[in-house]
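# Structural characterization, general
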Amino acid sequence: KRNFDNQYGISCEVIPPLVPFEEAKGDKIMFRKKYNLPEEATIICMVGSIKAMKNPDTLLDAIKMFETDARLKFNPHIIYAGTGEMVASLKQRIAQYGIIDRVHFLGFVPKENINEIMALSDIYVIASDFEGTSVSLLEAMYNGKLIIASNAPGIKDTITPNECLMFPIKDAKALKVAIVSILNDENLRMQLSTNAKHRYFELYNYDNVVENYLKILNC
């Protein structure tokens, strides 16, 4: 929400326009088969343009830091749902790190299929330097995903540490610690998932947005 004074000098709350989300019609295993992804892995997704301000490389660096026992225990895999200028450099880094088999580029995924990415993923990561209103973050909240987010402008205005784990921007070590922490703590996973979904429906649900717009028009 953002405050502004309308032409009459009356303060109103503005909620960014959103689109309604839908849950995917299918289960995790079905969608992992559809996208040719390992069925038993811990899948961590990033959704959106693969460009510098999104810091997709921070997630690669975090996975590289996994100790052998954590790698064997959790079997982490990354999926990038999107395209962008950093794909080639990421692939070079993946080869250098020796984790080619753990990183999957899905390319452009139509927005109507992003719910499938949410369904097949275990963790959603957003690592940007800043965001406006991140639609993919809101969709992750709607789906009650485990969310790990950079403590960045726009992101921290949308979600709080009560609903996700946050890490300093570009801090791969802190991101790795957050991933391991959330995977090791079932109670934390349940709490964050429930809180994220609750925050979405409390503040960003499509029907509520429409209702608040109508209030604004009459304020």
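Up top is the structure.
Residues numbered from 1 in each chain as written. Predicted model: local features only at pLDDT ≥ 70, side-chain atom pairs only at ≥ 80, totals over all residues. Heavy atoms only, no water.

## Looking at the sheet that holds strand β7 (residues 146–150)
In space, the six strands of this open sheet follow the order β5-β4-β3-β6-β7-β8, with parallel pairing throughout. The open sheet is flanked by β5 (103–107) and β8 (165–167), the only strands paired with a single partner. Direction aside, neighbouring strands of the sheet carry axes that sit 25 degrees apart on average. Inspection of the sheet shows strand β3 (residues 42–47) paired to strand β4 (residues 76–81) by six bridges, in the parallel sense. Paired with Thr42 across the bridge in β4 is Pro76. Set on the sheet, helix α7 (residues 172–184) makes contact with β3, β6 (123–126), β7 and β8; between it and β7 the angle comes to about 165 degrees. (Pairing = 2+ DSSP bridges. Helix = DSSP H or I, 4+ residues; strand = E, 2+ residues; numbered from the N terminus. Axes fitted to C-alpha atoms, helices over the stretch in contact; angles between N-to-C directions. Contact = heavy atoms within 4.5 Å.)

## Some details on the pattern of salt bridges
Scanning the entire structure with this criterion turns up ten salt bridges. Among the ionic pairs, Lys54 bridges to Glu131, the shortest N-O distance being 2.7 Å. Here the residue Lys54 occupies a position in the loop between β3 and α2 (56–64), and Glu131 occupies one in the loop between β6 and α6 (135–142), the gap between them amounting to 77 residues. Accessibility classification places Lys54 together with Glu131 in one group, the buried group. A single network of salt bridges, built from pairs that share partners, joins Lys28, Arg32 and Asp122. (Salt bridge = Lys/Arg side-chain N within 4 Å of Asp/Glu carboxyl O. Buried < 20%, exposed > 50% of the residue type's maximum accessible area, 1.4 Å probe, protein only.)

## Digging into the side chain of Lys54
On the basis of relative accessible area, Lys54 is assigned to the buried category, the value being 17%. Within the local environment of Lys54, its side chain forms a polar contact with the side chain of Glu131, the two groups lying 2.7 Å apart. Apart from the residues lying within four places of it in its own chain, the contact partners of Lys54 are Met46, Ser49, Ala127, Ser128 and Glu131. (Polar contact = N/O pair within 3.5 Å; in protein donor to acceptor, adjacent residues only side chain to side chain.)

## What to know about unusual backbone geometry
Not every positive phi belongs to a glycine, and Asn36 is a case in point at roughly 60 degrees. Note on Asn36: relative accessible area 68%, which makes it exposed. At Asn75, a position not held by glycine, the phi torsion is positive, near 45 degrees. With respect to the helices, strands and loops of the structure, Asn75 is situated in the loop between α3 (68–74) and β4.

## Digging into the side chain of Ser150
Its location among the elements puts Ser150 in strand β7. Separated by 2.8 Å, the side chain of Ser150 and the backbone oxygen of Ser128 make a polar contact. In contact with Ser150, not counting residues within four places along its chain, are Ile126, Ala127, Ser128, Ile155, Met166, Phe167 and Ile169.

## Here we look at the nonpolar core
If you look at the biggest cluster of nonpolar residues, it comprises 33 residues, and the most contacted ones within it are Leu59, Tyr80, Ile123, Val125, Ile148, Ile179 and Ile182. Examining the composition of this core, we find that six residues originate from one element, α7, more than from any other. Ignoring sequence-local partners within four residues, the contact set of Leu59 consists of Ile44, Met46, Ile78, Tyr80, Val125, Leu175 and Ile179. The next biggest cluster of nonpolar side chains, apart from the first, holds 32 residues, and it includes Tyr35, Leu37, Ile43 and Leu137. (Core = buried A, V, L, I, M, F, W, Y, C linked by side-chain atoms within 4.5 Å.)

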